[in-house]
Amino acid sequence: RIDAPEDVANNNIRLPHNWMLKRLLIAGHRNVDEALERFVDFFRWRKEYHVHQMTRNNILPEEFYHLFPVDDGGFDKDGHRIIVIRLKYYKKVPQFDLIIRRAIVYFAEFYDLEYENNNCKGIVLFFDCLDFRVTQLDFDLLKFCIIAMPNHYAGLVRYIVVCDLPFLLGYVFK
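None of the values given here were measured: they were computed from a predicted structure.

Caption draft 1: Just unusual backbone geometry, in detail. In the Ramachandran plot, His-50 falls in the positive-phi region, its phi being about 55° despite a non-glycine side chain. Secondary-structure assignment places His-50 in the loop between α3 (32–48) and α4 (56–59). With phi around 60°, Asn-118 is a residue other than glycine that occupies positive phi space. Mapped onto the elements of the fold, Asn-118 is located in the loop between α6 (97–116) and β3 (123–128).

Quick look at the structure:
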């Protein structure tokens, strides 16, 4: 998703011009050294999750898609794609932690590519907490979603909407 140096030298670059690099520069407050650190960190992180090998068929079992725990529910009035995440289907099982994280990374990559190709103006995460229980809460996964994902995909998420949050979880999310 980044143009090769020979393509840049021959003016054979794609449009939009390297959103991934622009995002890292913006997140680094236009400091080139900080952006380079973010760049190296981002690609190490992508290698850790084997992003280049991810496909819709190899990240989650087919039955997962029949439940619709994650659904892209269309667009809002500003052209942001709405991603509905139904938390009632999540169960904290340590054996599936890496699978769930890889799925989150896959969907982030997919929608980041949609954003890069001007198919949407960003995404809105809509967390549906209906029937979600405190016993299902996984702080490590929550930390991954709230800290790691926005750090690596800065500029992609425009809004986060939480619906039907149980009273006790309100303090956790604040």
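Now that the structure has been shown, we can carry on.
Caption draft 2: Spatial organisation of the sheet that holds strand β4 (residues 157–163). In space, the 4 strands of this open sheet follow the order β1-β2-β3-β4, with mixed pairing throughout. In this open sheet, the two edge strands, each paired with only one partner strand, are β1 (70–75) and β4. Across this sheet, the average inter-strand angle for adjacent strands is 20°, counted without regard to direction. Where α6 meets the sheet, its contacts fall on β1, β2 (81–86), β3 and β4, and the angle it forms with β2 comes to roughly 170°.

What counts and what doesn't
- Residues numbered from 1 in each chain as written.
- Predicted model: local features only at pLDDT ≥ 70, side-chain atom pairs only at ≥ 80, totals over all residues.
- Heavy atoms only, no water.
- Helix = DSSP H or I, 4+ residues; strand = E, 2+ residues; numbered from the N terminus.
- Pairing = 2+ DSSP bridges.
- Axes fitted to C-alpha atoms, helices over the stretch in contact; angles between N-to-C directions.
- Contact = heavy atoms within 4.5 Å.

Read these as spatial facts, not as claims about activity.
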